[in-house]
Amino acid sequence: MKIGVVLSGGGIRGIAHLGVLKALKEKGVKISMITGTSAGAIVGALFANGVDPYEALKLFQKTKLLKFLRPAFRLPALLNLETAYPLFKTYLPHDSFEHLKIPLIVTATNFNEGKLVYFSKGDLIRKVLASGCIPGFFSPILIDGKYYVDGGVLNNFPIEPLLKQVDIIIGSTCNHLPDTDKFRNIKHVLERTAILSINHDMEEKIKSIDVLIEPKGLGETSIFEIKKAEEIFWIAHEEALRQIEVNRDKLDLVKKKKTSL
């Protein structure tokens, strides 16, 4: 039997996926396929290529990704995410979906046609970066004559490619919003509105998830709040360990069937 993992988008909150993957790795959960959007696509690509989750955390902390980005002159955004290509080439030197150790599918939004696209073949890095191009912040990335932006615009939790490909789906999402009656400022209102929008179909999608890992309250963290990266990592790691224990029967069943083949 096969286990698939779906990783949501969420800006810096996507560091949570690294904590989740570290826990799964520690507990010997073998992953057969990964799908991801935006931050989930970036984390998924690194893990699928064998980069240790904690090493990936240190990579983000030490390199400070924003220093690799350049103003998007003459482009409809603040920054050009493609300037980070050399950084990712260091950790994904083959730049190929086909050479990953675990099959990976990432989402992006075809901005010309307003359509969702799943990438799983050919050049890797620019498609992963396109998946994380938050409109307005990062300029769209041109791929095969079409412009692409963040996959989270149309699908922030891409479970669909896993439904007929695996037997167990583990979902990692980093956008849980707690109830609140206080709205600090307009930035808080806009960020909460954006998360409510990308979470709109989560209740339905969760029905197809066998093991859900969703650290409470992470949606209150700003998408660029890098100083909280370590805290986010360990909060998610702890929640993942708890969910693995709670769902031990499901995961043990998978292992037993694998060893009997």
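Here is what the cut-offs are and how they apply
- Residues numbered from 1 in each chain as written.
- Predicted model: local features only at pLDDT ≥ 70, side-chain atom pairs only at ≥ 80, totals over all residues.
- Heavy atoms only, no water.
- Axes fitted to C-alpha atoms, helices over the stretch in contact; angles between N-to-C directions.
- Helix = DSSP H or I, 4+ residues; strand = E, 2+ residues; numbered from the N terminus.
- Parallel < 35°, antiparallel > 145°, perpendicular 65-115°, else oblique.
- Left-handed = near helix turned anticlockwise from the far one by under 90°.
- Contact = heavy atoms within 4.5 Å.
- Buried < 20%, exposed > 50% of the residue type's maximum accessible area, 1.4 Å probe, protein only.
- Pairing = 2+ DSSP bridges.
- Core = buried A, V, L, I, M, F, W, Y, C linked by side-chain atoms within 4.5 Å.
- Arc of directions from axis to C-beta.
- Polar contact = N/O pair within 3.5 Å; in protein donor to acceptor, adjacent residues only side chain to side chain.
- pLDDT = per-residue confidence, 0-100.

Colleague: A description of the packing of helix α3 (residues 53-63) against helix α8 (residues 229-246) should follow, citing residues and the corresponding values.
Modeller: α8 packs onto α3 with a crossing angle of 160° between their chain directions and a minimal axis gap of 10 Å. Put simply, α3 runs roughly antiparallel to α8. As for how α3 packs across α8, the hand of that crossing is right-handed. Where α3 approaches α8, its residues P53, Y54, L57, K58 and Q61 are matched on the opposing element by A229, E230, F233 and W234.

Colleague: Give me the pairing of strand β9 (residues 168-172): which residues, what numbers.
Modeller: Counted residue by residue, β9 has 5 buried out of 5 residues, so it is predominantly covered. Of the two faces of β9, the one lined by I168, I170 and S172 and the one lined by I169 and G171 are each fully buried. With 3 bridges connecting them, β9 and strand β10 (residues 211-213) associate as parallel partners. Directly across from I170, in β10, lies its bridge partner V211.

Colleague: Before we move on, could you go through the nonpolar core and cite the residues and values that matter?
Modeller: By size, the foremost hydrophobic cluster in this structure holds 64 residues, and its most contacted members are I15, L24 and I170. Among all residues touching L24, those that are not within four sequence positions of it are V5, V29, I31, I170 and I244. In terms of nonpolar packing, the next biggest core, distinct from the first, is built from 10 residues, F157, I159, L162 and V166 among them.

Colleague: Describe α3, listing the residues and the values that go with them.
Modeller: Of the positions making up α3, those classed as buried are P53, A56, L57, L59, F60 and T63. Buried residues in α3, looked at end-on, bunch into an arc of 155°, giving them a common side. Of the exposed residues in α3, those oriented more than 90 degrees away from the buried face are E55 and K62. Near the N-terminus of α3, the side chain that reaches the backbone nitrogen of Y54, with its oxygen 3.0 Å away, is that of D52.

Colleague: So what's going on with the environment of A45? Which residues, and what values?
Modeller: Turning to its location among the elements, A45 is positioned in helix α2 (residues 39-48). With relative accessibility at 0%, the residue A45 sits in the buried group. Sequence-distant contacts of A45, that is, excluding residues within four places in its chain, are made with L92, L100, L104 and V128.

Colleague: How would you sum up the confidence of the model for the protein chain? Please name residues and give values.
Modeller: In low-pLDDT segments, the atomic positions of the prediction should not be examined closely. On average, residues of the protein chain carry a pLDDT of 88, and 90% of them reach 70 or more. A low-confidence stretch, residues 68-72 (pLDDT under 50), is modelled with 22 contacts involving residues beyond four sequence positions or located in other chains. In the predicted structure, residues 253-261 sits below a pLDDT of 50 and forms 8 contacts with residues beyond four places in sequence or in another chain.

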